[in-house]
Protein chains: 2
Amino acid sequence: MSKLIVVGIGPGNYENMTIKADRALQSCDVIIGYHVYVDLVRERYSDKEFLTTPMTQETRRCQMALDMAKQGKTVAMVCSGDSGIYGMAALIYELRGECSEPEVEVIPGLTAACSGAALLGAPLTHDFAVISLSDRLTVWEKIEKRLESAAAADLSIVLYNPASHGRPDHLSRACDILLRYLPEDRLCGVVQHIGRDGENRRLMSLGELKSAAVDMFCTVFIGNEMTREIAQNMVTPRGYRDV
Amino acid sequence: MSKLIVVGIGPGNYENMTIKADRALQSCDVIIGYHVYVDLVRERYSDKEFLTTPMTQETRRCQMALDMAKQGKTVAMVCSGDSGIYGMAALIYELRGECSEPEVEVIPGLTAACSGAALLGAPLTHDFAVISLSDRLTVWEKIEKRLESAAAADLSIVLYNPASHGRPDHLSRACDILLRYLPEDRLCGVVQHIGRDGENRRLMSLGELKSAAVDMFCTVFIGNEMTREIAQNMVTPRGYRDV
């Protein structure tokens, strides 16, 4: 039975994988993915065949996975975080098109909005937007428009891909846009290396966030107007206390 | 050692829990929560002490959990989906205030945005907003503003709490607002009873969504301008194919 399973492995540590993801990796023949993600699971599932491709070769990676599954193997494509949210599931469906072979199953995983929020406290108790600052596949003007809209509507905001080597100033530019709508002292949080060696978290104001050191392993949280610091945690109340 | 663990159990089935959540429920003394969520885990962890409260008594439930943890028990407060996203973690931190006792740990779980998206295909590959249509704790005007902003910025949208007995027409009202910005044929998806008996999914247009039958067990997905149907799945491309 040919099958391709797109597996969200969560932030990276075994404990934050779902039981279903663990079972899928146990039962497959081949594990394929970006080498950093494959390395996160290589030791635990060491009896598997492994295949890796560099970061920007997503189409090639997905086509390889589809081809191997068509040959009768059970192939697990691993994605960091969720398999769908900024993950590979959509590209797999696009490349397979209207064919029914191979069978595709999408197994969700903890995205950084969930796992990072838990580290910071509870910043996402109310409505929020998830926005990537990478303009590799999106024009910057569209990202700007989304930041403006989210801030004007008092949504909490989670920023994925806040910086990389090629775009070290994207977070600073995003903060400039947000500061047109939000006060300098709006509570923000940065988490880095969630569930991996070096995991850390920082609370700061939006004004401080503008010049904060971030990299591609960071996820950034911007509170809404009710968000505040309680016992060193970033907390957005939903309003239950008044009910 | 007194400890309160706020556990996101995911959509409801054992397989979609994280390994960490499972271990927390195995190792605790008491499991407390809204009775529907407690019933989802009662059989598997049957040696535990169980405590339930009705749906609207969130403050009482959280205070009970804090009090029991202070008495030296390890207490697990279970939340459906994630422990933070529309969950109880914030209220726990609010009620504990600046005290350091009891120790609080937040264990994230799969929120319906992740688990529902995986059932529909891959609708959240790009930026999105998560908005609750419940006006029990939020004024309706704020919800309207958020819907407008998200639609105008071409964010995919996930709607939580699309309807209940007391507000059967909220989804229809939300669709009226979205239809000012989005076309009638915009692809949408509805999932119901994710990971539970009766799990089902439907794809439809935004025009059809306006009169769709939904209840409090549904989560609704509204695509962005690139979202399309591929082999009966709802797919939002990120753009990788062009790279």
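The preceding data block contains the structure.
The structure contained in this document is the topic of the report that follows. (Residues numbered from 1 in each chain as written. Chains lettered and ligands numbered in written order. Predicted model: local features only at pLDDT ≥ 70, side-chain atom pairs only at ≥ 80, totals over all residues. Heavy atoms only, no water.)

**A look at the interface of chain B and chain A**
And then number 1: Contacts between chain B and chain A engage 74 residues on the former and 75 residues on the latter.
And then number 2: There are 12 salt bridges connecting chain B and chain A.
And then number 3: The shortest N-O distance in the salt bridge between A:Lys142 and B:Glu225 comes to 2.9 Å.
And then number 4: Remark: the boundary between chain B and chain A carries 32 residue pairs in polar contact (both at pLDDT 80 or more).
And then number 5: Counting residues per element, the side of chain B that touches chain A draws most heavily on helix α4 (residues 89–96) of chain B, which supplies 7 residues.
And then number 6: In this sheet, strand β7 (residues 128–132) of chain B lies alongside strand β7 (residues 128–132) of chain A in antiparallel orientation, the contact comprising 3 bridges. Residue A:Val130 lies in a different strand from β7(B), and its bridge partner there is B:Phe128. (Contact = heavy atoms within 4.5 Å. Salt bridge = Lys/Arg side-chain N within 4 Å of Asp/Glu carboxyl O. Polar contact = N/O pair within 3.5 Å; in protein donor to acceptor, adjacent residues only side chain to side chain. Helix = DSSP H or I, 4+ residues; strand = E, 2+ residues; numbered from the N terminus. Pairing = 2+ DSSP bridges.)

**With respect to the packing of aromatic side chains**
Each aromatic ring pair is characterised by the separation of its centres together with the angle its planes make.
And then number 1: Inspection of every chain in the model, using the stated rule, returns 4 aromatic pairs over all chains.
And then number 2: With a centroid separation of 5.1 Å and 85° between ring planes, the pair formed by B:Tyr34 and B:Tyr37 is classed as edge-to-face.
And then number 3: Among the residues examined, B:Tyr34 registers a relative accessible area of 11% and is labelled buried.
And then number 4: When the ring centre of A:Phe50 is taken as origin, the NZ or CZ atom of A:Arg42, which lies over that ring, is 4.9 Å away.
And then number 5: Sitting over the ring of A:Tyr14, A:Arg44 keeps its end group 3.4 Å from the ring centre. (Phe/Tyr/Trp six-rings, centres within 6.5 Å; stacked < 30°, edge-to-face > 60°. Buried < 20%, exposed > 50% of the residue type's maximum accessible area, 1.4 Å probe, protein only. Lys NZ or Arg CZ within 6 Å of the ring centre and 35° of its normal.)

**Description of the sheet that holds strand β8 (residues 156–160) of chain B**
And then number 1: The strand order across the open sheet formed by 10 strands is β10(A)-β9(A)-β11(A)-β8(A)-β7(A)-β7(B)-β8(B)-β11(B)-β9(B)-β10(B), and the pairing between neighbours is mixed. Pairing within the sheet leaves two strands with one partner each, and these edge strands are β10 (200–205) of chain A together with β10 (200–205) of chain B. Across the sheet, the mean angle separating the axes of adjacent strands is 15° when strand polarity is ignored.
And then number 2: As paired strands, strand β9 (residues 187–192) of chain A and β10(A) are joined by 6 bridges and run antiparallel to one another. Among the inter-strand pairings, A:Gln192 is bridged to a residue of β10(A), identified as A:Asn200.
And then number 3: Against the sheet, helix α6 (residues 140–152) of chain A engages β7 and β8 (156–160) of chain A, with an angle of about 165° to β7(A).
And then number 4: Across the face of the sheet, helix α5 (residues 112–120) of chain B comes into contact with β7, β8, β9 (187–192), β10 and β11 (218–222) of chain B while running at roughly 70° to β11(B). (Axes fitted to C-alpha atoms, helices over the stretch in contact; angles between N-to-C directions.)

**Some points on the pairing of strand β4 (residues 74–79) of chain A**
All names here are of chain A.
And then number 1: Extensive coverage of β4 is indicated by the burial of 6 of its 6 residues.
And then number 2: Residues Thr74, Ala76 and Val78 of β4 are buried on one face, and the alternating residues Val75, Met77 and Cys79, pointing to the opposite face, are buried as well.
And then number 3: Bridge analysis of strand β1 (residues 3–8) against β4 gives 6 bridges, and the strand direction is parallel. Bridge pairing in β4 places Gly8 opposite Cys79.
And then number 4: Pairing of strand β2 (residues 30–34) with β4, which is carried by 3 bridges, proceeds in the parallel orientation. The residue bridging Ile31 from the neighbouring strand is Ala76, located in β4.

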